[in-house]
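Next come the chains, spelled out residue by residue.
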Amino acid sequence: MKHLLLVFIFFQVFSLFGQNKSVDFSFYNTNLPLEERVDILVSQMSNKEKIEQMMNAAPAISRLQVPAYNWWNEALHGVARNGKATIFPQNIALAATFDTTLARKVAEAISDEAIAKYMVAQQKGNQGKYAGITFWSPNVNIFRDPRWGRGQETFGEDPLLTSEMGVAFVQGLQGNHPTYLKTAACAKHFAVHSGPEALRHTFDVTPSPKDLNETYLPAFKQLVIEGKVEGVMGAYNAVNGVPATASTYLLDDILKKQWNFDGYITSDCGALYNISQRMHYKETYEEGAAAALLAGTNLNCGTNYHYLEKALEEGYITEELLHQRVAQLFKTRFRLGLFDGQALNPYWNISPSTIHSETHVQLSKKVAESSIVLLKNKDNILPLSKDLQTPYVTGPFANSSDMLMGSYYGISPNMITILEGIANALPLGTSLNYRSGVLPFHDNINSKNWAPFVAGESDVTICVVGISADMEGEEVDAIASQNTGDRVSLSLPKNQVQYISELKKHSKGPIVLIVASGSPVTLENVEEHCDAILQIWYPGEQGGNAVADILFGDVVPSGHLPITFPKNIDQLPAFDDYSMEGRTYKFMEHEPQYPFGFGLSYTSFQYQRITQSTKKLKRGETLRLSIDIKNTGELDAEDVIQVYLIPPKVTPQTPKYILKAFTKKHIPSGEIKRIQFDLHSDDFLLYNNDGKQEWYKGSYRIAIGNALPSQRSLELGAATPVVTEIILQ
């Protein structure tokens, strides 16, 4: 059957294009090895044609029947910028679920919609930007500083959590077919990239070897080696004096030689311009383009690779190198099945009905529910009863659809705001009241405001505050930001803080604060006014229904923080300092407001008996840990079990804690579940100042609990962790 299909394909090709008999169309032969098919095609291109194929808007080559293709597409938390699509919660929210299975399901749903949208676009002849199936997602930069506006796109501050969630996301996007990629994922931004946004085009990062290998590279390494990610995007900034997209050290020595990467490398958009014109690493455009090509950059998002023609004439690059770099791009296009026809690629049979399907909408709701973090619950005020007579919803984002979306979003016809979700949940006869009460980011224009007084007439006041992607995000998108997308302060806008104080002054019942943000919001002068606090991130199109389910107890909160919430900005090092000293839960010296991994529940968990396979561990051996966890409350619920290594201080830069494993488990009320973890001896290696891993003998502690094993976590209500000891020999 396959042979007959190939014969048909060849017949069609030669009958349509027989007038050009000099062209070898055997690259359509799927029986040939991938590299041979690519070489047959690329070898027939002129140098000019090859160069044109190395920019994101690659034109058609009609004589070779190569269709136009635009590589630029986004799928951070749903197919973005391309019409109707399911909007899932922003990635920082996905990280808060600590659920890799859920991350993979989200990416599978995104890729389903992506394929369906691509097939429809092909039928319409749409081959433009955002219509392809090469996605520049996920963002696996480390959220090292909570001021970074794009931190919302990441999986948080921890390399292990980022790696595990990122790999699952890549696998969901790319599928598991032995021949074809479902879609092509891309790990970005390689490397050492996390703000400031205003300096990203000129900033030179000089990380220590220890920080580079311990913090900034692990997620990229895992996505390449384990996730088999198809693409890697170079960062805008320079690393150790060399622009990332021109860095032979990053792109060749590490990515290709050390990690055996066999995918394509793309610049960030406009980054090649920076090499000569902003960073002045090279004097001319052609030298800058040549430097990127020589280092390993296959694709230019932009048009600077046009200068490769002159670079070739002047001897900066060779025809052989040009051939190699463009061939790598076509390996990706062949892996996607773009030259094999619809019949051979099983992914291309996905129906358009999958786009914004009810299944995907419900998945978005599930992720939002699983991501919401309960930060405070004084006297167990939550969950609220649906028998409330006069609930009051207020705040600048209570009825906001924009807040739900975060950055890099699709378009949904079914956005459910927090107000709508609460209205949907409450029975008829409830006197639900609503006033926004305060503008998002600046003082009210009208000095008269009745909204605070309504709290005095209400059983409970639910106040929805925070920020949005207008205030934090990429430099060109965050139009309300005072700092080109980054945050100057971590606190809520002053007018919101004042409004919460006014509500407290007049309220009759408890105040439930709902905080929307893609990064930590400090709650000094706020927390004490509130009886319960929920961190909801940017929860996607079903955010309102998800929040209502949590508020009224239809769902038990199970989200945990993927990033430390400091008390104030004074606890942070300088934003433009990339040293990890004083940063994240690993190295922070100050007591945070809310620790990494923290999150309360409507039930309680008790971490009990721990057993271990050995008390002493040698190189090459595996330690098996088992722990009993009991749900001591009255509600069935999920908990995030976290395993931390607490190493001895072998060097001044040794982390205080290191997350080594995590899992999310459902535990029915009153039941005990036994959870098992295997830690290989490699998991106990520590980085020295030269960036190398070493085996330091001695006594190590291992803590298993549901938050960072710190005193602050216990004070806030986390379960008491169980601690054991292991001797490394």
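Below or above, wherever it landed, is the structure these notes cover.

A few words now on the packing of helix H6 (residues 159–174) against helix H8 (residues 218–225). In the contact formed by H6 and H8, the axes pass within 8 Å of each other and the chain directions differ by 30°. The angle between H6 and H8 falls in the class roughly parallel. Crossing angle aside, the handedness with which H6 passes H8 is right-handed. For the pair formed by H6 and H8, the contact residues are Pro159, Thr162, Ser163, Gly166, Val167 and Val170 on the first element and Pro218, Ala219, Gln222 and Leu223 on the second. Residues belonging to the contact of H6 with H8 are distributed by class as follows: six nonpolar, four polar and no charged.

This brings us to the sheet that holds strand E17 (residues 622–631). Reading across the sheet, the three strands line up as E15-E17-E20 and stay open at both edges, with antiparallel pairing between neighbours. The open sheet has two free edges, formed respectively by strand E15 (605–612) and strand E20 (672–680), since each of these has just one partner strand. Taking each pair of neighbouring strands and ignoring which way they run, the sheet shows an average axis angle of 25°. Bridge analysis of E15 against E17 gives six bridges, and the strand direction is antiparallel. When the bridges of E17 are listed, Phe605 appears paired with Asn631.

Evaluation of the coordinates by the stated rule reveals one disulfide. Covalently, Cys269 is tied to Cys301 through a disulfide, its sulfur atoms 2.1 Å apart. Taking the torsion about the sulfur-sulfur bond, which here is approximately 80°, the covalent link between Cys269 and Cys301 counts as right-handed. Here the residue Cys269 occupies a position in the loop between strand E8 (264–266) and helix H10 (271–277), and Cys301 occupies one in the loop between helix H11 (285–295) and helix H12 (308–313), the gap between them amounting to 32 residues. Assigned by exposure class, Cys269 and Cys301 land together as buried. Cys186 carries a free sulfur, and the closest cysteine sulfur to it, the one in Cys269, is 10 Å from it. Unpaired in terms of disulfides, Cys463 finds its nearest cysteine sulfur in Cys530, a separation of 7.5 Å. Assessed through its relative accessible area of 0%, Cys463 is described here as buried.

So, about the sheet that holds E8. Taken together, the three strands give an open sheet; going across it, the order is E3-E5-E8, and neighbouring strands pair in parallel fashion. Strands with a single pairing partner mark the edges of an open sheet, and in this sheet they are strand E3 (186–190) and E8. Each strand axis lies, on average, 25° off the axis of its neighbour in the sheet, ignoring direction. Sheet topology note: the strand E5 (residues 231–234)/E8 ladder contains three bridges and is parallel. Bridging across to E8, Val232 finds its partner in Ile265. Packed on one face of the sheet, H8 meets E3 and E5 and runs near 155° to E3.

It is worth spelling out the nonpolar core at this point. Membership of the largest hydrophobic core comes to 103 residues, with the highest contact counts inside it found for Leu513, Leu551, Phe684 and Ile702. Per-element tally for this core: the top contributor is strand E13 (residues 511–516), with six residues. Grouped together as the second largest cluster of nonpolar side chains are 66 residues, Ala107, Leu217, Ala295 and Tyr657 included.

Further remarks concern the packing of aromatic side chains. Following the criterion strictly, the structure yields 29 aromatic pairs and no others. When the centroid spacing of 4.8 Å and the interplanar angle of 25° are considered together, the rings of Trp450 and Phe453 count as stacked. In this structure Trp450 comes out as partly exposed when scored by relative accessible area, which is 48%. According to the relative accessible area criterion, Phe453 is partly exposed, its value standing at 35%. Among the aromatic side chains, those forming a connected cluster through ring pairs are Phe25, Phe27, Tyr28, Phe330, Phe334 and Phe339.

The next thing to look at is unusual backbone geometry. Cis peptide bonds are those with omega within 30 degrees of zero, and the linkage from Lys188 to His189 qualifies with 0°. Structurally, the position occupied by His189 is in strand E3. Cis peptide bonds are those with omega within 30 degrees of zero, and the linkage from Leu382 to Pro383 qualifies with 5°. Relative to the assigned elements, Pro383 resides in the loop between strand E9 (373–377) and strand E10 (391–394). At His280, a residue that is not glycine, the phi angle is positive and equals roughly 55°. Along the chain, His280 falls in the loop between H10 and H11. Even without glycine at this site, His356 takes up a positive phi of about 55°.

What counts and what doesn't
Residues numbered from 1 in each chain as written. Predicted model: local features only at pLDDT ≥ 70, side-chain atom pairs only at ≥ 80, totals over all residues. Heavy atoms only, no water. Axes fitted to C-alpha atoms, helices over the stretch in contact; angles between N-to-C directions. Helix = DSSP H or I, 4+ residues; strand = E, 2+ residues; numbered from the N terminus. Parallel < 35°, antiparallel > 145°, perpendicular 65-115°, else oblique. Left-handed = near helix turned anticlockwise from the far one by under 90°. Contact = heavy atoms within 4.5 Å. Nonpolar A, V, L, I, M, F, W, Y, C, P; charged D, E, K, R; others polar. Pairing = 2+ DSSP bridges. Disulfide = S-S within 2.5 Å. Buried < 20%, exposed > 50% of the residue type's maximum accessible area, 1.4 Å probe, protein only. Core = buried A, V, L, I, M, F, W, Y, C linked by side-chain atoms within 4.5 Å. Phe/Tyr/Trp six-rings, centres within 6.5 Å; stacked < 30°, edge-to-face > 60°.

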